[in-house]
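# Close look at the chain arrangement
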Amino acid sequence: MTEAGQQPEQRVSELRRGLMGGRGVGASPAEVTEHTRERPMLGAVAAPVERALVAGQADHVRAGGPIDTIPDPDRVRTGRRRAAISGALGALLVRAIGARLLRSHRRRTRP
């Protein structure tokens, strides 16, 4: 006999039920639902979006599509080029704003 006169088999089945429920012994059905099915995010992506992405990937694999692990070199090159251009434009913008502020400040200080 274990706690409160329970048979070991009863205690094991009670613990197993609580474990499979996901929230431990004595968790209410509402608590189990809240912590398992009503999650707004899965990782950094909203749950509906994540489900759609997984479904799309599963369909692609079922159709016999290739599983690509190596990115397309043209896309990588284009991405690097865009990043370089964006960085250069950002630096030019900061320089232009700085020059304009400095120029307007110098005009005011001269008599």
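Residues numbered from 1 in each chain as written. Predicted model: local features only at pLDDT ≥ 70, side-chain atom pairs only at ≥ 80, totals over all residues. Heavy atoms only, no water.

### A look at the overall build of the protein chain
For the protein chain, the count of helices and strands is 4 helices and 2 strands. Beginning at the N terminus, the succession of helices and strands in the protein chain can be written as α-α-β-β-α-α. A buried classification covers 5% of the 111 residues belonging to the protein chain. (Helix = DSSP H or I, 4+ residues; strand = E, 2+ residues; numbered from the N terminus. Buried < 20%, exposed > 50% of the residue type's maximum accessible area, 1.4 Å probe, protein only.)

### Remarks on the confidence of the model for the protein chain
Do not read the predicted coordinates in detail wherever pLDDT is low. Confidence in the prediction for the protein chain averages 76 pLDDT; 71% of positions are at 70 or higher. For the protein chain, strand β1 (residues 41-42) is the element with the lowest average pLDDT, namely 62, and helix α4 (residues 73-109) is the one with the highest, namely 84. (pLDDT = per-residue confidence, 0-100.)

### Points about a nonpolar patch on the surface
Taken together, Ile85, Leu89 and Leu92 make up a surface patch of nonpolar side chains, about 310 Å² in accessible area. For leucine 89, the location among the structural elements is in helix α4. (Patch = residues over 30% accessible without salt bridge, like charges linked within 9 Å, V, L, I, M, F, W, Y side chains within 5 Å. Areas by Shrake-Rupley, 256 points an atom, 1.4 Å probe, with all protein chains shown as cover. Salt bridge = Lys/Arg side-chain N within 4 Å of Asp/Glu carboxyl O.)

### Description of helix α3 (residues 47-62)
The end-to-end C-alpha distance of α3, which contains 16 residues, comes to 22 Å, matching closely the 22 Å that a straight helix rising 1.5 Å per residue would cover. Glycine 64 sits one or two positions beyond α3 and adopts a positive phi of about 90 degrees. (Expected span 1.5 Å × (residues − 1).)

### Observations concerning the pattern of salt bridges
A complete count under the given rule lists 2 salt bridges for this structure. Between arginine 11 and glutamate 14 there is a salt bridge, with the nearest N and O atoms lying 3.2 Å from each other. A residue pair is termed a helical-turn pair when its members lie 3 or 4 positions apart in one helix, as arginine 11 and glutamate 14 do in helix α1 (residues 8-21) at 3 residues. Of the residues examined, glutamate 14 reaches a relative accessible area of 23% and is grouped as partly exposed. Linking arginine 62 and aspartate 59 is a salt bridge whose minimum nitrogen-to-oxygen distance equals 2.9 Å. Of this pair, arginine 62 and aspartate 59 both sit in helix α3, 3 residues apart, roughly one helical turn.

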